[in-house]
Amino acid sequence: MKVRKAVIPAAGLGTRMLPATKTVPKEMLPMVDKPVIQYIIEEAVASGIEDILIVTNRAKSAMDDYFDYYPELETRLNQAGKDKELSEVRRAADLANIFYVRQKETKGLGHAISRARRFVGDEPFAVLLGDDIMRAQRPVMGQLIAAAEKYGASCVGVQKVSTEAISKYSSVKISPLEERIFAVSDMNEKPTPSEMFSSYAILGRYVLTPDIFDILERQAPGYGGEIQLTDGLQTLCKQSKMVAVDFEGRRYDTGNLKGFLEATIDFALDHPETGAWLKSYIKDKAELL
Ligand code: UTP
């Protein structure tokens, strides 16, 4: 089993980030000096992925433009001797083989994934949610791919969350296999504390086998009237092997304002051009509070 392809669902409406996301896709909001989606593509590439499909919609063409060449801008940067800017602009367009498909109706994450069937064909594939950025020593998707390949199984990335927070995620029923890796036998979407299987929640990263497509095609709408990926994964984990990786790294949900701001601060503190300045700015501010 070799994972070479990735799907990035990025066709959500981004209602938690309105009004900013009325015309700018949330995946294109700047995270310090790059759009959110570039971090996700860089993680996929660092995990050995070669081909990437982004699931978009009619309001998201800024993404396709971003990963394209822009000759007029590049000529201008070249003439001005702005070599660093030129190479960054070019690097974004050359990161990976990027393909696009439109989700014509916003019918949920499971429906968005099902749009990838023709691109994926008959091989296992990675899924990285378009608004979840990971900050980690080892690429998080690489950690999942290693487990999926070792066990010949589909795989979900999980971490422990508080009992209050579990109702925002999917909870998994698990039994240990080795350090940080579990077998998955069941799951449920947005459980109440009494319904949850464990405090391990699925957080934005998956390796799926193509069996998921037949399952999603038959999947009835679930929570919120949408075709939920979790409902499909529940069937998948019962009919074939699935593992969960308690991944090393921090996940940021940049699709909500607080997650977006936390990520901005942490990435800006790490950035060579802003780190030292931001540290002293925060210290000065804290003294005034
Ligand atoms: P989210 O629920 O985080 O995104 O979906 P959203 O629907 O844009 O969020 P709101 O409106 O702020 O609540 C998780 C992932 O699934 C994608 C989103 O783009 C995000 O990456 N998605 C969701 C789709 O691609 N299509 C859909 O129909 C729904």
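Values in this document were obtained by computation on a predicted structure and should not be read as measured data.

1. Observations regarding the pattern of salt bridges
Item 1. Applying the stated criterion across every chain yields a total of 27 salt bridges.
Item 2. We note a salt bridge from Asp131 to Arg16, for which the minimum N-O separation is 3.9 Å. Of the two residues, Asp131 sits in the loop between strand 6 (125–128) and strand 7 (132–135) while Arg16 sits in the loop between strand 1 (5–9) and strand 2 (30–31), which places them 115 residues apart along the sequence.
Item 3. Close ionic contact of Asp266 with Arg250 constitutes a salt bridge, the shortest N to O distance being 3.5 Å. Remark: Arg250 occurs in strand 13 (residues 250–253) and Asp266 occurs in helix 10 (residues 257–270); sequence separation between them is 16 residues.
Item 4. Through salt bridges with shared partners, a single network forms among Arg135, Arg250, Glu262, Asp266 and Asp270.

2. Quick word on the site of the ligand
Item 1. By nearness alone, 18 residues border the ligand, and Gly14, Thr15, Arg16, Gln103 and Gly108 come closest of all.
Item 2. In this structure, a nitrogen atom belonging to the ligand sits 2.7 Å away from a side-chain N or O atom of Gln103.
Item 3. Separating an oxygen atom of the ligand from a backbone N or O atom of Lys107 is a distance of 3.4 Å.
Item 4. Relative to its unbound accessible surface of 580 Å², the ligand loses 83% to contact with the protein.
Item 5. Class assignment for the residues of the shell around the ligand results in six nonpolar, seven polar and five charged.

3. Observations concerning the UniProt feature "domain: Nucleotidyl transferase" (unreviewed entry) in the protein
Item 1. Within this numbering scheme, the UniProt entry marks residues 5–264 as carrying the feature "domain: Nucleotidyl transferase" (unreviewed entry).
Item 2. Annotated as 33% helix and 28% strand, the span residues 5–264 places its first and last C-alpha atoms 28 Å apart.

Basis of the calculations
Residues numbered from 1 in each chain as written. Predicted model: local features only at pLDDT ≥ 70, side-chain atom pairs only at ≥ 80, totals over all residues. Heavy atoms only, no water. Salt bridge = Lys/Arg side-chain N within 4 Å of Asp/Glu carboxyl O. Helix = DSSP H or I, 4+ residues; strand = E, 2+ residues; numbered from the N terminus. Near = heavy atom within 4 Å. Polar contact = N/O pair within 3.5 Å; in protein donor to acceptor, adjacent residues only side chain to side chain. Areas by Shrake-Rupley, 256 points an atom, 1.4 Å probe, with all protein chains shown as cover. Nonpolar A, V, L, I, M, F, W, Y, C, P; charged D, E, K, R; others polar. UniProt positions renumbered as here; feature names shortened; annotations may be inferred.

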